[in-house]
Amino acid sequence: MKPFRYSSRGWLGKASAGLIAGFLLALSCGGLLARFGLGGVAPFGVEHQFTMWLVAPLLVTVLSTCFLFRSVRQAWLWLGTANLLTWGLLLAI
Amino acid sequence: MRSDIVKMYKDVHTWTGIVSGLFLFIAFYAGAITMFKEPLQHWASAPSGFGELTPLEDTPELISRVLAEYPDARKGYQIILEPSAKYPARMNWELSNPDADDHDTPELMHANLTAEGHLFVARSGASPVAQLVDDLHRQVGLMLPHEIAMPIMGTVALLYGVALVSGVIVLLPTLVKDLFAFRLGKNLKRLWLDFHNLLGIFSLPFHLVMALTSAIFAFHDPIYAAQEQWVFQGPNSFIQRERRQPAAGAPTGEQLAPGQLVARLHEQQPGFEPRRMIYRDTPRQGPSLAIFGDNPRFGMRSPEGGVVGLDPVTGDILMTDYMPGLQNGMGATITSFFSLHFGSYGGNTVRWSYFLLGLGGAALFYSGNLLWLETRRKKLKQSAPLQQIEQRRSARFLGPLTVGVTLGCISGISVTIAAAKALPVLVSQPGHWHTAIYYAVFLAALGWAFLRGTARGAVGLLRASALATALIPAASLTVALLPGSGWNHSDSALVVDLVAAIGALGLALLAGRTARRISSAPQDSIWYVGAVPVAAPSGPTSLRQA
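Just so it is clear, the structure is predicted and the values come from calculations on it, not from any experiment.

(A) Structural detail: the overall build of chain A. Secondary structure assignment for chain A yields four helices and zero strands. The C-alpha radius of gyration computed for chain A amounts to 15 Å, which surpasses the reference 12 Å derived for 93 residues by more than 25%, pointing to a less compact arrangement than a globule. Counting only C-alpha atoms, chain A reaches 55 × 25 × 15 Å along its principal axes. Expressed as a percentage of the 93 residues in chain A, the buried residues total 38%. For chain A, restricting intrachain contacts to residue pairs at least 6 apart in sequence, the fraction spanning at least 24 positions comes to 78%.

(B) Focus on the domain arrangement of chain B. All names here are of chain B. The domain boundaries assigned to chain B delineate domain 1 (1–46 + 129–241 + 345–375), domain 2 (47–126), domain 3 (242–342) and domain 4 (391–546). Spacing between the C-alpha centres of domain 1 and domain 4 amounts to 24 Å. Across the boundary between the two partners, domain 1 contributes 21 residues, which contact 23 residues of domain 4. Of the residues in the side of domain 1 that touches domain 4, the class split is 18 nonpolar, three polar and no charged.

(C) Looking closely at the pairing of strand E4 (residues 119–122) of chain B. Residues and elements named next belong to chain B. Bridge analysis of strand E3 (residues 108–113) against E4 gives four bridges, and the strand direction is antiparallel. Bridge pairing in E4 places Leu-113 opposite Leu-119. Remark: five residues form the turn of the hairpin made by E3 and E4, two consecutive strands paired antiparallel; Gly-117 in that turn has positive phi of roughly 85°.

(D) Here's a closer look at the nonpolar core. Of all hydrophobic cores here, the largest spans 123 residues; its most connected members are Phe-25, Ile-26, Tyr-29 and Ala-215 of chain B. Membership of the second largest hydrophobic core comes to 29 residues, among which are Leu-53, Tyr-87, Ala-89 and Tyr-279 of chain B.

(E) Structural view of the packing of helix H3 (residues 55–65) of chain A against helix H5 (residues 146–171) of chain B. Running from amino to carboxyl end, H3 of chain A crosses H5 of chain B at an angle of 60°, the nearest separation of the two axes being 9 Å. On the basis of the axis angle, H3 of chain A is oblique to H5 of chain B. Crossing hand, H3 of chain A versus H5 of chain B: right-handed. Contacts between H3 of chain A and H5 of chain B involve Val-60, Leu-63 and Ser-64 of chain A from the former and Leu-158, Gly-161, Val-162, Val-165 and Ser-166 of chain B from the latter. Of the residues that constitute the contact of H3 of chain A with H5 of chain B, the class distribution is five nonpolar, three polar and no charged.

(F) Seen up close, the UniProt feature "transmembrane region" (unreviewed entry) in chain B. As annotated by UniProt and renumbered to match this structure, "transmembrane region" (unreviewed entry) occupies residues 12–36, 148–176, 197–219, 352–373, 397–420, 432–451, 458–482 and 494–512 of chain B. Regarding residues 148–176 of chain B, the helix share stands at 90% and the strand share at 0%, and the terminal C-alpha atoms are separated by 43 Å.

(G) Examining the interface of chain A and chain B more closely. Tallying the contact residues gives 29 residues for chain A and 37 residues for chain B. Those elements that provide at least two residues to the side of chain A that touches chain B are helix H1 (11–37), helix H2 (46–53), H3 and helix H4 (72–92) of chain A. Here the side of chain A that touches chain B is built from residues that sort into 18 nonpolar, eight polar and three charged.

(H) Inspection of the environment of Thr-349 of chain B at higher detail. On the secondary structure map, Thr-349 of chain B appears in helix H11 (residues 347–376). Through-space distance from the C-alpha of Thr-349 of chain B to that of Thr-314 of chain B is 37 Å; in sequence the pair is 35 residues apart.

(I) Expanded view of the environment of Glu-304 of chain B. Residues and elements named next belong to chain B. Considering the arrangement of structural elements, one finds Glu-304 in the loop between strand E6 (286–294) and strand E7 (306–310). Under the C-beta neighbour-count criterion, Glu-304 is labelled partly exposed, with 18 such atoms within 10 Å. The sequence separation of Glu-304 and Phe-342 amounts to 38 residues, and the corresponding C-alpha distance is 9.7 Å.

(J) Layout of the UniProt feature "transmembrane region" (unreviewed entry) in chain A. All names here are of chain A. Within this numbering scheme, the UniProt entry marks residues 50–69 and 76–92 as carrying the feature "transmembrane region" (unreviewed entry). Taken end to end, residues 50–69 is 75% helix and 0% strand, and its first and last C-alpha atoms sit 29 Å apart. End-to-end, the C-alpha atoms of residues 76–92 are 22 Å apart, and along that stretch the chain is 100% helix and 0% strand.

(K) Just the packing of helix H8 (residues 204–231) of chain B against helix H10 (residues 329–342) of chain B, in detail. Residues and elements named next belong to chain B. The N-to-C vectors of H8 and H10 enclose an angle of 115°; their axes lie 9 Å apart at closest approach. The chirality of how H8 crosses H10 is left-handed. Contacts from Val-209, Met-210 and Thr-213 in H8 reach Phe-337, Leu-340 and His-341 in H10.

(L) Quick peek at the sheet that holds strand E2 (residues 91–94) of chain B. All names here are of chain B. Strands sit in the order E4-E3-E2-E1-E5-E6-E7-E8 across an open sheet of eight strands; the sheet is antiparallel. The open sheet is flanked by E4 and strand E8 (317–319), the only strands paired with a single partner. In this sheet, neighbouring strand axes are inclined to one another by 30° on average, regardless of whether the strands run parallel or antiparallel. With two bridges joining them, strand E1 (residues 76–80) and E2 adopt antiparallel strand pairing. Residue pairing for E2: Ile-79 is matched across the bridge by Met-91. Contacting E1, E2, E3 and E4, helix H3 (residues 59–69) crosses the sheet at an angle of about 130° to E3. Sitting on the sheet, helix H9 (residues 258–268) touches E1, strand E5 (273–282), E6, E7 and E8, and the angle it makes with E5 is about 120°.

(M) Just the confidence of the model for chain B, in detail. All names here are of chain B. On average, residues of chain B score 88 in pLDDT, and 90% of them are at 70 or above. Note on residues 532–546: pLDDT is under 50 here. Beyond four places in sequence and across chains, it has 17 contacts. Across the interfaces of the predicted complex, the ipTM metric reaches 0.96, alongside a pTM of 0.91.

(N) Broad picture of helix H4 (residues 129–138) of chain B. All names here are of chain B. Of all the 10 residues making up H4, seven are buried; the element is thus mostly covered by neighbouring parts of the structure. Residues Val-129, Ala-130, Leu-132, Val-133, Leu-136, His-137 and Arg-138 constitute the buried set of H4. Packed against the buried residues of H4 are helix H1 (3–34), helix H2 (37–44), H5, helix H12 (393–418) and helix H14 (431–452).

(O) Quick peek at the pairing of E6 of chain B. All names here are of chain B. Pairing of E5 with E6 involves nine bridges; the strand directions are antiparallel. Following the sheet pairing, Asp-281 is matched in E6 by Pro-287. Judged from the five bridges that link them, E6 and E7 form a sheet pairing that is antiparallel. Across the sheet, the residue bridging to Ala-290 is Gly-309, located in E7.

(P) A look at unusual backbone geometry. Residues other than glycine seldom take positive phi values, yet Phe-44 of chain A does so here, at roughly 60°. Mapped onto the elements of the fold, Phe-44 of chain A is located in the loop between H1 and H2. Phi angles above zero are rare outside glycine, and Val-140 of chain B is one such case at about 40°. Structurally, Val-140 of chain B can be placed in the loop between H4 and H5.

(Q) Seen up close, H3 of chain B. Residues and elements named next belong to chain B. The set of residues buried in H3 consists of Thr-59, Leu-62, Ile-63 and Val-66. Down the axis of H3, the buried side of the element spans an arc of 95°, and every buried residue falls inside it. Projecting away from the buried face of H3 at angles above 90 degrees are the exposed residues Ser-64, Ala-68 and Glu-69. If you follow the buried residues of H3, they end up packed against E1, E2, E3, E4 and H9.

What counts as what
- Each chain carries its own residue numbering, running from 1 in the written order of its sequence.
- Whichever chain is written first becomes A and whichever ligand is written first becomes 1, with later ones labelled in order.
- The predicted nature of this model means local features are confined to residues of pLDDT at least 70 and side-chain atom pairs, given and counted, to a pLDDT of 80 or more, with totals for whole chains, interfaces and linings taken over all residues.
- Note on conventions: DSSP H or I runs of at least 4 residues are helices, E runs of at least 2 residues are strands, and numbering of each starts at the N terminus.
- Only the C-alpha atoms count toward the radius of gyration. The rule for a globule is 2.2 Å times the residue count to the power 0.38.
- Neighbour counting defines burial: a residue surrounded by 20 or more other C-beta atoms within 10 Å of its own C-beta is buried, one with 12 or fewer is exposed, and intermediate counts give partly exposed, using backbone-placed C-beta atoms.
- The contact criterion used is a C-beta to C-beta distance within 7 Å, with each C-beta placed from the backbone.
- Marked domain ranges trace back to an automatic or database domain assignment.
- Classification convention: Asp, Glu, Lys, Arg as charged; Ala, Val, Leu, Ile, Met, Phe, Trp, Tyr, Cys, Pro as nonpolar; all other residues, Gly among them, as polar.
- When DSSP finds at least two bridges between two strands, those strands are taken to pair.
- Structurally, a nonpolar core is described as a collection of buried Ala, Val, Leu, Ile, Met, Phe, Trp, Tyr and Cys residues joined by way of C-beta atoms within 7 Å.
- Only the stretch in contact is used when fitting a helix axis, every axis being a line fitted to C-alpha atoms; angles between N-to-C directions are given from 0 to 180 degrees.
- Any angle that falls under 35 degrees is termed roughly parallel, while one over 145 is termed roughly antiparallel, one within 65 to 115 roughly perpendicular, and all others oblique.
- Helix crossings are classified by the rotation of the near helix relative to the far one: an anticlockwise turn of less than a right angle makes the crossing left-handed, while a clockwise turn makes it right-handed.
- UniProt positions are given in the numbering used here, feature names are shortened, and annotations may be inferred rather than shown by experiment.
- The score called pLDDT rates the predictor's confidence residue by residue, from a low of 0 to a high of 100.
- Throughout, the arc means that of the directions going from the helix axis to the C-beta atoms.

Structure (structure tokens):
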């Protein structure tokens with residue numbers, strides 16, 4: 001079998017996964033920080049603002065690294081699973 | 001690192017860069033100028049009719065007279081401690097405008113007491129041109145409604161973030177070898193690449209800050225809304241704590257006079273230099289007072305400084321969330337995001353550094369586009385030296401676009417700034433004229449670039465930009481030679497003339513260099529202008545070959 005080589009094929013699918021799943025992931029990470037790290041935040045207080053700011057670095061990180069998934073399917077699969085975990089932790093517990 | 005990964009990220013870098021580069025050029029060029037928004041507004045604004053501020057001890061009298069006569073002011077007003085073109089009088093308040101939304105700049109009325117004790121009320125008459133440059137910066141050159149421009153700006157910021165990361169990944173394998181290399185040789189692409197890498201890697205922290213903060217400036221409303229909708233809901237609604245209230249509730253009793261409040265603030269925070277006091281009185285929260293000011297020892301949340309909340313009755317400090325030096329760790333962290341974007345720390349040294357970093361950023365994006373063109377141009381083969389080279393359509397489009405947008409932005413901003421000293425003589429409401437002038441020059445430059453092609457267009461437009469920028473000191477010079485034809489301030493406003501003169505000189509030098517460059521460019525260069533010597537008149541037929 002030929003070894004896998006990366007290329008820009010599937011860039012739109014990977015970038016879409018990075019954008020949509022990455023945004024939701026960043027949002028839930030902010031929520032997890034607010035709930036378990038900061039013990040609640042006052043609406044629009046500085047802690048709340050911090051959880052909002054968190055979206056930019058997390059989203060840019062995911063958007064930049066999503067091309068390292070080997071396929072569009074894998075991108076959605078991994079990022080989707082990560083979302084299930086974080087949102088599950090946030091909403092179910 | 002694996003070569004296929006580097007190759008893939010090269011594609012990512014190329015395309016994110018090419019889509020966002022020209023927007024970013026405008027944002028950075030206008031942003032660099034915005035570092036000196038206040039001196040620029042001062043330069044562009046006629047001396048106000050207000051004269052000296054009403055003395056601080058007479059201000060209670062001023063306030064009660066305004067509140068009696070102007071109901072709009074009862075909801076809130078400002079007391080100015082340091083006058084500027086934007087705030088020329090001791091007191092101002094917002095005209096009520098039911099159609100305005102959060103993002104519209106409110107229209108202000110200003111008031112002083114004259115020496116005879118009369119109330120003098122007027123608009124500021126400050127030039128709108130500095131705000132136009134700021135708006136071009138914030139909306140990446142698109143003067144569209146806020147709710148359309150912001151998603152575009154935010155998308156550009158995200159692309160820019162990805163372009164930065166991918167650019168670093170591409171450079172990593174050869175970083176050590178390439179870092180200090182600046183190969184001035186025959187290979188022009190190599191030279192531009194070294195320049196691009198050098199600029200990019202050494203200003204990377206600055207650029208990362210700008211990309212991440214701009215994305216948040218664009219998208220904070222939707223993110224807050226999404227948090228509200230999905231995160232702080234159902235089982236998590238408890239995450240939202242009650243906002244802590246001042247223990248005693250709304251302050252009641254006789255308020256201290258502005259002069260006494262400033263003295264009380266100085267007792268508590270001697271390092272803080274107050275610039276303006278914002279009084280509010282809402283039925284829900286009662287009277288409140290916030291004071292904007294500078295403390296150069298700390299980073300500040302806005303270009304206009306930090307904010308402290310005072311109890312207007314006792315003068316005690318109540319709110320320190322945005323007060324330089326009194327913030328908790330989290331508050332100072334948030335403030336650092338803002339101050340790192342605005343350069344609102346470290347005073348003038350940082351302001352000049354940001355000005356240069358901003359211009360450097362603009363050069364980074366320009367060189368990025370040039371690299372795109374250099375990579376894609378068809379090269380003359382050694383084997384067939386007589387073949388005719390017709391560059392690809394994409395290069396024939398992106399070349400003029402790059403030259404037209406960048407130089408159009410520079411000329412447009414220069415002409416509309418220079419017009420600030422002429423417009424008040426010609427029209428009664430300069431407001432929208434500045435925007436119209438900017439776009440007229442910008443679009444003319446763009447059209448010219450496409451008409452003349454990359455190379456000839458660049459020479460003509462560089463000359464035009466130099467001339468346009470020279471109009472700024474020329475406007476001041478005209479006023480100096482023809483007394484009564486306008487105004488010149490003899491203080492910080494001179495910096496505007498000086499910087500514009502240096503800029504014009506630099507652009508003129510570039511125009512000369514480029515003219516020489518295109519006359520000697522080989523046939524397969526993007527700067528090739530055809531077989532005819534430059535001196536010969538050029539008809540429309542020869543233009544196609546550029």
